[in-house]
Amino acid sequence: MDELTCAVALSIISSPATHGVWAALARPSAGEAFARVYGAAQPEAQEHLHVQYHRDVREAAIMIAARSAAAGSDIISFWDESYPAILREIAQPPVVLYVRGRILARERIAVVGTRKADPNAREHARRISGELADHGFVIVSGMAAGIDREAHCAALARGAPTIGVLANGIDLVYPAGNRDVGAAILASGNSALVSEHPPGIKGIQWGFVRRNRIVSGLARATVVIQAGEGSGALITARHALEQNREVFACPGPAFDQGYAGCHALIKNGANLAAATDDILRELASLIPGIRLPEPVKAVRPGETDTPREPGKPAGYPEGTPEAGIIEALRAGAMETDRLIRVLEFSAGRIQEALMGLELEGRIERFGTEVRVRQR
């Protein structure tokens, strides 16, 4: 096997924590690391891979390399120069990263929070992510619903880079409601989807927890927008602290249990983020030589300086799906399926228009429900 295939084989060995996989990363090459680990016990591929790939790790690695190439996914190993240097610093870095798109060599900040975000938290996530993107940061998040989606969309709306870390195979986007975000990331030319799981692997419960260490590990700092006591975002924050990274938390209303996790983080020493400037000032003092360019005001398509009636489809010609969507939503929120039924456009064209309107800040989604975003 070549060096890359050896790295893939090493990454899929059963129970890597008990086979000395991470200790073997100190070896100068993937071939040497794999030979040391495999020669000692000859373990099989991890059990959850057996449905898609061979039990023998060597055969499975060859299959994975071929399938990744066919899926348009790059494989970056721990020993490659293009492997994110900051990710090498964590205690258990991924042996390989499967990548679709581009990982830019810039400072990165993770923005995370609950899947069940309230409207204020969604707006805060968009504002903070957008303003951080305006200052040159790459926005990292976990491709979940709620805060993660808002963070990715805010960067995409500005043409700025974002990285979506998947908890499943690199060729699958979960939840299905975020497939439009995944498509926008791949179409952007400056963003990426990454995963430590090969193509075809569906998300499993422990995979979502493991994913969070990569979200924080890729970033210089983690910002928690809204998190209750049991939120997975707190796991990301804990990883960030263990990785010696900065953690910021946005405060919420008093007695609101939806923000109990954020309040606990602040009480235990996390940086309070009442505004984006709080994050920028702290990072400027902690990261030597960091350059924070002046923010550039984003200009949204169809937006003018002239006040307009709420819901009026300014900038969208009559007869377009965008104009039809805005007009249909003037009476109130509507399910996506109903929008597709009442408008005379294909489902694909409606979904494309919805994604564009969301990136422009004209609409917002809550699960399958769509409504006009209040300004």
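Residues numbered from 1 in each chain as written. Predicted model: local features only at pLDDT ≥ 70, side-chain atom pairs only at ≥ 80, totals over all residues. Heavy atoms only, no water.

Asks: Explanation requested: the overall build of the chain in the structure shown.
Replies: Across its full length, the chain holds 15 helices and 12 strands. Relative to its length of 375 residues, the chain is compact, with a C-alpha radius of gyration of 22 Å against a globular reference of 21 Å. Once the C-alpha set of the chain is aligned to its principal axes, its extents read approximately 70 × 50 × 35 Å. With 375 residues in all, the chain has 52% of them scored as buried. Taking all contacts inside the chain whose residues are at least 6 apart in sequence as the whole, residues at least 24 apart take part in 69%. (Helix = DSSP H or I, 4+ residues; strand = E, 2+ residues; numbered from the N terminus. Rg over C-alpha atoms; globule rule 2.2 N^0.38 Å. Buried < 20%, exposed > 50% of the residue type's maximum accessible area, 1.4 Å probe, protein only. Contact = heavy atoms within 4.5 Å.)

Asks: Before we go on, may I ask you to explain the layout of surface pockets in this structure?
Replies: To find leftover empty space, one rolls a probe the size of a water molecule over the atoms. Taken as a whole, the largest pocket spans an internal volume of roughly 410 Å³. The wall of the largest pocket is formed by 18 residues, among which R149, G177, N178, R365 and G367 lie closest to the centre. For the lining of the largest pocket, the elements supplying multiple residues, two or more each, are α8 (179–188), α14 (336–342) and β11 (363–366). For the lining of the largest pocket, a count of residues per class yields 4 nonpolar, 7 polar and 7 charged. (1 Å grid on protein atoms, 1.4 Å probe; cavity = no way out; pocket = protein on both sides within 12 Å on 5 of 7 lines; lining within 4 Å. Points joined across faces, edges and corners; volume = space filled by probe spheres on them. Nonpolar A, V, L, I, M, F, W, Y, C, P; charged D, E, K, R; others polar.)

Asks: What exactly am I supposed to notice about the sheet that holds strand β12 (residues 369–372) here?
Replies: Working definition: the strands of a sheet are paired by backbone hydrogen bonds and lie parallel or antiparallel to each other. With antiparallel pairing, the 3 strands of this open sheet are ordered in space as β10-β12-β11. Among the strands making up the open sheet, the edge pair consists of β10 (334–335) and β11. By the bridge criterion, 2 bridges tie β10 to β12 in an arrangement that is antiparallel. Bridge pairing in β12 places M334 opposite V370. Along the sheet, helix α15 (residues 347–359) makes contact with β11 and β12, crossing β11 at roughly 110 degrees. (Pairing = 2+ DSSP bridges. Axes fitted to C-alpha atoms, helices over the stretch in contact; angles between N-to-C directions.)

Asks: Teacher, can you tell me more about the sheet that holds strand β9 (residues 271–272) here?
Replies: The strand order across the open sheet built from 9 strands is β1-β2-β6-β5-β4-β3-β7-β8-β9, with neighbouring strands paired in mixed fashion. A single partner strand is all that each edge strand has here, and the edge strands are β1 (74–77) and β9. Taken together, the 2 bridges between strand β8 (residues 246–249) and β9 define a ladder with parallel strand orientation. Residue A249 lies in a different strand from β9, and its bridge partner there is L272.

Asks: Would you mind showing me how to read helix α11 (residues 260–267) here?
Replies: Given 3.6 residues to a turn, an α-helix orients residues that are three or four positions apart in the same direction. Taken residue by residue, α11 has A260, G261, C262 and L265 as its buried positions. Looking at the buried side of α11, the elements it contacts are β7 (221–224), α10 (233–242) and β8.

Asks: I'm lost on the nonpolar core in this one. Help?
Replies: As a rule of thumb, soluble globular proteins bury nonpolar side chains together. Ranked by internal contacts, the top residues of the largest apolar core, which has 69 residues, are L10, F34, V165, L218 and V224. In contact with F34, other than residues within four places in its own chain, are M1, C6, A9, L10, I13, G39, V57 and R58. Membership of the second largest hydrophobic core comes to 25 residues, among which are F137, I139, A160 and A221. (Core = buried A, V, L, I, M, F, W, Y, C linked by side-chain atoms within 4.5 Å.)

Asks: Please explain the packing of aromatic side chains as it appears in this structure.
Replies: In this description, an aromatic ring pair is defined by two values, namely the gap between the centres and the angle between the planes. Going through the model one piece at a time under the given rule, you end up with 4 aromatic pairs. Here the aromatic rings of F34 and Y38 are separated by 5.1 Å at their centres, their planes lie at 20 degrees, and the arrangement is stacked. A residue pair is termed a helical-turn pair when its members lie 3 or 4 positions apart in one helix, as F34 and Y38 do in helix α3 (residues 30–41) at 4 residues. Like F34, the residue Y38 is buried in the burial classification. Taken together, a centroid distance of 5.6 Å and an interplanar angle of 80 degrees make the contact between F78 and W79 edge-to-face. Accessibility expressed as a relative area gives 14% for F78, which makes it buried. (Phe/Tyr/Trp six-rings, centres within 6.5 Å; stacked < 30°, edge-to-face > 60°.)

Asks: Could you clarify how one ought to interpret the packing of helix α13 (residues 321–328) against α15 in this entry?
Replies: Between two packed helices, what matters for the description is the angle formed by their axes and the separation of those axes. At a minimum axis distance of 9 Å, the contact between α13 and α15 shows a crossing angle of 75 degrees. The angle between the axes of α13 and α15 places the two elements in the roughly perpendicular class. Contact residues: α13 offers P321, E322, I325 and I326, while α15 offers R349, I350, A353, L354 and L357. When the residues that make up the contact of α13 with α15 are grouped by side-chain class, the tally is 7 nonpolar, no polar and 2 charged. (Parallel < 35°, antiparallel > 145°, perpendicular 65-115°, else oblique.)

Asks: What am I meant to see in the pattern of salt bridges here?
Replies: Scanning all chains against the criterion turns up 21 salt bridges. In this structure, E358 engages R149 in a salt bridge whose closest nitrogen and oxygen atoms are separated by 2.4 Å. Of this pair, E358 sits in helix α15 while R149 is found in helix α7 (residues 147–157), placing the two residues 209 residues apart along the sequence. Across the pair E327 and R330 runs a salt bridge, and its minimum N-O distance is 3.5 Å. What makes R330 partly exposed here is its relative accessible area of 42%. Salt bridges linked by common partners bring R122, E123, R126, E150, E364 and R373 together as one network. (Salt bridge = Lys/Arg side-chain N within 4 Å of Asp/Glu carboxyl O.)

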